[in-house]
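# Report on the structure
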Amino acid sequence: MKLYGENNPAPNPRKVRIFLAEKGIEVPQVRVSIMKREHKAPEFLKKNSLGQLPVLELDDGTYIAESLAICRYFEALQPKPALFGESAIEQALVEMWIRRAEFRLWNPMSQVWINADPRTAVVNPNQFKDYGEHNKKIVANNMRWLDGELSDGRAFLAGSSFSMADIVLLCGLDFSHFIGLDIPPECGALRAWHARVSARPSAAA
Ligand SMILES: N[C@@H](CCC(=O)N[C@@H](CS)C(=O)NCC(=O)O)C(=O)O
């Protein structure tokens, strides 16, 4: 088994590394340099035709792309600690918060990165700058919404247990910071949650 990924700040490979660290699972890792465009090389496109990271290679030659799919594979192999929830309601809430973190933070954040960040202009010369700028406001508003949600005093995004939803949100917020979108100062609950999950050893992955 091999995990193809990229160093931080690439947020999708990081999700898998944090997940594996929480589970205590070790997988040999291969770095694929995005800067060197190794993820678009013909050899790598045979592993993932979308040319994206992370990708998990199984010993039988199967390739699993999509960070969440890779994590679900390991969850099925090693259910404890459960990071996608245990009971029906826990599983539903983890799924709900994963989707909300993706749709409400990751999607607008990605549009800022693709359309408004000078570092991506080389690979995306047709940036829609106004759209990118507009998404900065959406990110800030949705951070405020997340702050309101976390103001009820729960320890983690989907309830009292750390879960995949926390991993998705953490990686999204840290990448947001990398592209200059910080948590608004007044968002005390979101900041406290961020400090709490960042203090876990897995966050260093
Ligand atoms: N939905 C995919 C997204 C993967 C993705 O966009 N990965 C980034 C690195 S963080 C990448 O490979 N970007 C290069 C590209 O899209 O060309 C997942 O969750 O794994």
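Above this text you will find the structure in question.
Every chain begins its residue count from 1, and numbering advances along the sequence as written. Per-residue local features are limited, in this predicted model, to residues with pLDDT of at least 70; the limit for side-chain atom pairs, both in listing and counting, is 80 or more; totals at the level of whole chains, interfaces and linings are taken over all residues. Here the side-chain values reflect all heavy atoms present in the structure, with hydrogen atoms and water set aside.

### Comments concerning the overall build of the protein chain
We apply this condition: Going along the chain from the N terminus, every DSSP run of H or I of four or more residues is numbered as a helix, and every run of E of two or more is numbered as a strand. In this description the radius of gyration comes from C-alpha coordinates, and the expected globular size is given by 2.2 Å times residues to the power 0.38. Note on exposure labels: buried denotes an accessible area under 20% of the residue type's maximum, exposed denotes more than 50%, and partly exposed covers the range between, all computed with a 1.4 Å probe on protein chains only. Shrake-Rupley sampling with a 1.4 Å probe provides the accessible areas, and residues are treated as covered by the protein chains on show and by no other component.
Broken down by element type, the protein chain carries seven helices and four strands. Along the protein chain, from the amino end to the carboxyl end, the secondary structure elements read β-α-β-α-β-β-α-α-α-α-α. Computed over C-alpha atoms, the radius of gyration of the protein chain comes to 17 Å, within 12% of the 17 Å expected from 2.2 N^0.38 for 205 residues, which places it in the range of a compact globule. Once the C-alpha set of the protein chain is aligned to its principal axes, its extents read approximately 45 × 45 × 25 Å. Burial analysis of the protein chain (205 residues in total) assigns 45% to the buried set. Accessible area of the protein chain: about 10400 Å², with a carbon and sulfur share of 56%.

### Here we look at the packing of aromatic side chains
Put simply, the rule is: Any pair of Phe, Tyr and Trp rings, taking the six-membered ring for Trp, is counted once the centres come within 6.5 Å. Such a pair is stacked with planes under 30 degrees apart, edge-to-face with planes over 60 apart, and tilted for the rest. Two conditions define a charge sitting above a ring: the NZ of Lys or the CZ of Arg must be within 6 Å of the ring centre, and it must be within 35 degrees of the ring normal.
In the structure shown here, the tally under the stated rule is eight aromatic pairs. Counting every residue linked through ring pairs, the aromatic cluster contains Trp113, Phe175 and Phe178. Sitting over the face of the ring of phenylalanine 178, arginine 119 holds its NZ or CZ atom 4.5 Å from the ring centroid. Taking NZ or CZ as reference, arginine 200 lies 3.9 Å from the ring centre of phenylalanine 162, over its face.

### Concerning the site of the ligand
For the record, the criterion: The criterion for a residue being near a molecule or strand is simple. One of its heavy atoms has to lie within 4 Å of it. In protein, a polar contact requires one atom able to donate a hydrogen and another able to accept it; more generally it is a pair of N or O atoms within 3.5 Å, and residues adjacent in sequence count only if both atoms are side-chain atoms. The classification used treats Ala, Val, Leu, Ile, Met, Phe, Trp, Tyr, Cys and Pro as nonpolar, Asp, Glu, Lys and Arg as charged, and all other residues, Gly among them, as polar.
For the ligand, the set of nearby residues contains 14 residues, the closest of which are Lys40, Gln52, Leu53, Glu66 and Ser67. The separation between an oxygen atom of the ligand and a polar side-chain atom of glutamine 52 is 2.8 Å. Separating an oxygen atom of the ligand from a side-chain N or O atom of serine 67 is a distance of 2.6 Å. Burial of the ligand by the surrounding chains reaches 74%, relative to a free accessible area of 510 Å². For the shell around the ligand, the per-class residue count stands at six nonpolar, five polar and three charged.

### What about the environment of arginine 17?
Going by this rule: Contact criterion: two residues are considered in contact whenever any of their non-hydrogen atoms come within 4.5 Å of each other.
Within the element layout of this structure, arginine 17 appears in helix H1 (residues 11-23). With relative accessibility at 14%, the residue arginine 17 sits in the buried group. Along the sequence, arginine 17 and alanine 203 sit 186 residues apart, while their C-alpha atoms lie 8.9 Å from each other. Every residue in contact with arginine 17, bar those within four places of it in the chain, is listed here: Glu6, Asn7, Asn8, Gln29 and Ala205.

### Structural notes on the state of the cysteines
Filter applied, for reference: The disulfide criterion used throughout: a pair of cysteine sulfur atoms within 2.5 Å.
A full pass over the atoms with the stated rule returns zero disulfides. You can see cysteine 71 has no disulfide; the closest cysteine sulfur is in cysteine 171, sitting 9.2 Å from it. Overall, the relative accessible area of 0% leaves cysteine 71 in the buried class. For cysteine 171, a relative accessible area of 1% corresponds to the buried category.

### Section: the pattern of salt bridges
Our working definition: Salt bridge, as used here: a side-chain nitrogen of Lys or Arg that lies within 4 Å of a carboxyl oxygen of Asp or Glu.
Per the counting criterion, the structure on display carries twelve salt bridges. A salt bridge links glutamate 43 to lysine 46, with the shortest nitrogen-to-oxygen separation between them at 2.6 Å. Since its relative accessible area comes to 59%, lysine 46 is described here as exposed. Ionic pairing is found between glutamate 149 and arginine 154, a salt bridge with its closest N-O pair at 3.7 Å. Here glutamate 149 falls in the partly exposed class, since its relative accessible area comes to 27%. What you see here is one network of salt bridges that share partners, running through Glu149, Asp152 and Arg154.

### Topic: the sheet that holds strand S2 (residues 29-31)
Quick note on the threshold: Should DSSP find at least two bridges between two strands, the strands are taken to pair. All axes here are fitted lines through C-alpha atoms, helices being fitted over the stretch that makes contact, and every angle between N-to-C directions spans 0 to 180 degrees.
Taken in spatial order, the four strands line up as S2-S1-S3-S4 in an open sheet, and their pairing is mixed. The sheet terminates laterally at S2 and strand S4 (63-65), the two strands that pair on one side only. Ignoring which end each strand starts from, the neighbouring axes of this sheet average 20° apart. Sheet analysis places strand S1 (residues 2-5) next to S2, joined by three bridges and oriented parallel. Bridge pairing in S2 places glycine 5 opposite arginine 31. In the packing of helix H3 (residues 67-77) onto the sheet, contacts are made with S1, strand S3 (55-57) and S4, and the angle to S4 comes to roughly 120°.

Honestly, that's just the spatial picture; any functional story needs more than this.
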